[in-house]
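Each chain, written out:
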Amino acid sequence: MLSLGYPGSVLGFRRLSLRARMTLLYGAVICASAIALLGVTQLLAPGLLEHGGQEAGGPDLTGAVTPRPLTRLPLTIGPSAFLSIAAAFAVIAMLSLGAGWLIAGRFVRPLRTIITTARDISASNLHRRLGVRGSRDEFTELGETLDDLFARLEASFQAQRHFIANASHELRTPLTAGRALLQVALTDPEPTVETLRATCEELVELGGQQERLIVALLALASSQRGIGQLECLDLADIAGDALLARQEEAGRHGIHLRAALATAPVTGDPSLTESLVANLLDNAIRHNHPGGQAEISTALTTAGATITVSNTGTLVPSDAVQDLFQPFRQLGTQRTRHGTGHGLGLAIVRAIADAHGAALTAHARPAGGLDIEVIFPA
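Residues numbered from 1 in each chain as written. Predicted model: local features only at pLDDT ≥ 70, side-chain atom pairs only at ≥ 80, totals over all residues. Heavy atoms only, no water.

A. Region of interest: the packing of helix 8 (residues 270-286) against helix 9 (residues 345-356). Axis separation between helix 8 and helix 9 bottoms out at 9 Å; the angle between their running directions is 145 degrees. When the axes of helix 8 and helix 9 are compared, the crossing they make is left-handed. Residue-level contacts link Leu-272, Thr-273, Ser-275, Leu-276, Asn-279, Leu-280 and Asn-283 of helix 8 to Gly-345, Leu-346, Ile-348, Val-349, Ile-352, Ala-353 and His-356 of helix 9. (Axes fitted to C-alpha atoms, helices over the stretch in contact; angles between N-to-C directions. Helix = DSSP H or I, 4+ residues; strand = E, 2+ residues; numbered from the N terminus. Left-handed = near helix turned anticlockwise from the far one by under 90°. Contact = heavy atoms within 4.5 Å.)

Okay, structure coming up:
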């Protein structure tokens, strides 16, 4: 079966380097321009490619040369002329390829530098940057875009390493405590029902801590994965249900709950939105002081549906507010334990807000506590 070979030629051309392809294209353009120039010359000035002549002698004056009108004779191309033209085209082709090679090298050099540097950057040295400088052209924009990408990757890897280390510590601590309790119970020479019951109760509590931590980790992973389904919701209804479910816990901590719930319709994931409101309220109740207050309000503004949660509590430095939204962070850069919390609540809130494209702002209150506002887009 015959094969024309054209696809193979195309594939062979594509396998060439970018500089080689640019050189061939530049050479073809220059050669085509030369041929087109000759064609245009023939059309606009045909006499340049023809020559004239004179006829000698005449009947009136013997031996005298009588001028005759110029006669245009077509230009004939003999073998020598053909070779001269072919040689000229060969020279033009060589010169065009050489010029194309130099021009292509000049344009490809920044790209080669970017490729070489990007290959050297790996997960262990993401702190390096391309640092492409020069005129504001496409190569400079490409270098700056890659530098931004490497910066985000570096931050992501660092956050991932910190998250794994903190999660491992949080999961290992209850296991270590449970093993210690079991070892003490086994080495007790005269165990009683009361001591064994107390040990079992402590083990159940440690198991509950692990279960709550795993649930929080799953909620964080689900919120970072993105929105599963969109439904029309009302933040006022979700906040009202969350308040009723936490009245007893607030009473045990001596926290006074206040609400100002106005209709605030949003389009979002039901489970994630409920988790956002629940974690905001849990944070306001657990990180408070006895006799403190927690306020929640919803409203519909020109910016969108808004939910605001404010609480009294410990004085938070203004420069440490953003650290509270990092996983396993509760105060500054230290991982502290308050009650049954693990420092994941506000991290879940931020992940859910980002998944919905909502604007999250938090401010430290002068007397202690936080003001947190989440604005869902209209």
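After that view of the structure, there is still more to cover.
B. Molecular detail of helix 9. End to end, helix 9 covers 17 Å across twelve residues, agreeing with the expected 16 Å (1.5 Å per residue, within 8%). Every buried residue of helix 9 is listed here: Leu-346, Ala-347, Ile-348, Val-349, Ala-351, Ile-352, Ala-353 and His-356. Within two residues after helix 9, Gly-357 carries a phi angle of roughly 70 degrees, on the positive side. (Expected span 1.5 Å × (residues − 1). Buried < 20%, exposed > 50% of the residue type's maximum accessible area, 1.4 Å probe, protein only.)

C. Main features of the environment of Leu-370. Looking at the secondary structure, you find Leu-370 in strand 7 (residues 370-377). Judged by its relative accessible area of 5%, Leu-370 falls in the buried class. C-alpha separation for the pair Leu-370 and His-287, spaced 83 residues apart in sequence, amounts to 9.7 Å. Not counting residues up to four positions away in its chain, the partners in contact with Leu-370 are Asn-283, Val-309, Ser-310, Asn-311, Val-316, Val-321, Leu-324, Leu-346, His-363, Ala-364 and Arg-365.

D. Region of the structure containing a nonpolar patch on the surface. On the surface, Leu-16, Leu-24, Met-94 and Leu-97 cluster together into a nonpolar patch covering about 350 Å² of accessible area. Relative accessible area serves as the criterion here: at 40%, Leu-24 is assigned to the partly exposed category. (Patch = residues over 30% accessible without salt bridge, like charges linked within 9 Å, V, L, I, M, F, W, Y side chains within 5 Å. Areas by Shrake-Rupley, 256 points an atom, 1.4 Å probe, with all protein chains shown as cover. Salt bridge = Lys/Arg side-chain N within 4 Å of Asp/Glu carboxyl O.)

E. Structural detail: the sheet that holds strand 7. Taken together, five strands build an open sheet; the order of strands is 2-4-5-7-6 and the sheet is mixed. Of all strands in the sheet, those bounded by a partner on one side alone are strand 2 (256-261) and strand 6 (359-364). Across the sheet, the mean angle separating the axes of adjacent strands is 10 degrees when strand polarity is ignored. Note that strand 6 and strand 7 share six bridges and pair antiparallel. Note that in strand 7 the partner of Thr-361 across the bridge is Glu-373. Of the strands in this sheet, strand 2, strand 4 (293-300), strand 5 (304-311) and strand 7 are in contact with helix 8, which crosses strand 7 at around 170 degrees. Sheet contacts for helix 9: strand 6 and strand 7; angle to strand 7, the most-contacted strand, approximately 20 degrees. (Pairing = 2+ DSSP bridges.)

Distances and angles like these do not, on their own, reveal function.
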